[in-house]
Amino acid sequence: MQVSGQFRHFEATPLSGSLGAEIAGLDLRQEISASLSKEISDAFARYHMLCFRDQKLGLDDYRRAARLFGPFSGNPIHVALPSHPEFVRVVKEANQDGPTFGGNWHTDLSWFEKPPKATLLYAEEVPPYGGDTLFANLHLAWERLSETLRGMLDGQVGIHSGYGAYGINASLKSIKVVDEGWEVSNTEVEHPLVPRHPDTGKPFLFVNPNVVRIKGMSESESRPLLAYLMTACTRADLTCRLSWKAGSLTVWDNRCLLHHAIGDYPQFRRVVVRTTIAGDRLATSPRQDVARVA
């Protein structure tokens, strides 16, 4: 990953050696030209996670900025904002007990037949310290496995279920779920264990806690292997840690990254607004029109 990505419309500064870049010199409230949109897309493909600092976005501004990455996926799990149904506001009050929203390594909504392409989070209010988000690169996780293990895994299918995730979300105080979300989540969906990225054609290891077993194996047979793969995916050298500031808009590739919200700010309030972008069905071969990205 290069030291600094100099684009014509903005500067991208890498946040780690594995993924992520901070974008400076850009006001997302302004009109986005076709050339700027292309550069943002290129930066997203290169870094997988972009953090746009110092934004002052209303919800309409946020909606326009999010649409740069594609149409909204919809969210049948969480209660949306009535005025802007694309968005969910997550409010963690000071001294609020209970688990942290997103407080484990995971992929958003991987039990959907078409998991979201991207997740966006806009920070409206953040604690003075703490509340960082960790990300892990699943392309690199795949590359670092032994050739023998890669040969065993490629072509296998993971069975995803939202059963456990919905139960955790229903217990949270910072966000509300819709009753119908239970039916959506209590299903099983198959995805390749090693898909090819829809935009770049590069393989990645698609594992997260929603993978309940590997097709053709029992849960007890699958569990040790899946646990090992999760450990392999979250090695420190594959990760990036993002510190939030009010006005930060972060977008990440929900397919080839895991993320983990750190809940180390019990005495402070935190307010973020979340949305997800529609994705494609994951496959073991790239689309014919994919332009590969180095």
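Quick look at the structure, then. (Residues numbered from 1 in each chain as written. Predicted model: local features only at pLDDT ≥ 70, side-chain atom pairs only at ≥ 80, totals over all residues. Heavy atoms only, no water.)

Next up on the list: the pattern of salt bridges. By the definition in use, this model includes 19 salt bridges. As a salt-bridge pair, arginine 269 and glutamate 125 come within 2.7 Å of each other at their nearest N and O atoms. Of this pair, arginine 269 sits in the loop between β13 (257–261) and β14 (270–277) while glutamate 125 sits in strand β6 (residues 118–125), and the two are 144 residues apart along the sequence. Here aspartate 132 and arginine 241 are joined by a salt bridge, their closest N and O atoms 2.8 Å apart. (Salt bridge = Lys/Arg side-chain N within 4 Å of Asp/Glu carboxyl O. Helix = DSSP H or I, 4+ residues; strand = E, 2+ residues; numbered from the N terminus.)

Read from one edge of the open sheet, 3 strands run β9-β8-β10, paired in antiparallel fashion. Lying at the two open borders of the sheet, with one neighbouring strand each, are β9 (188–192) and β10 (211–214). Averaged over all pairs of adjacent strands, the angle between strand axes in this sheet comes to 30 degrees, irrespective of strand direction. Pairing of strand β8 (residues 157–161) with β9 involves 5 bridges; the strand directions are antiparallel. If you follow valine 157 over to β9, its bridge partner there is proline 192. (Pairing = 2+ DSSP bridges. Axes fitted to C-alpha atoms, helices over the stretch in contact; angles between N-to-C directions.)

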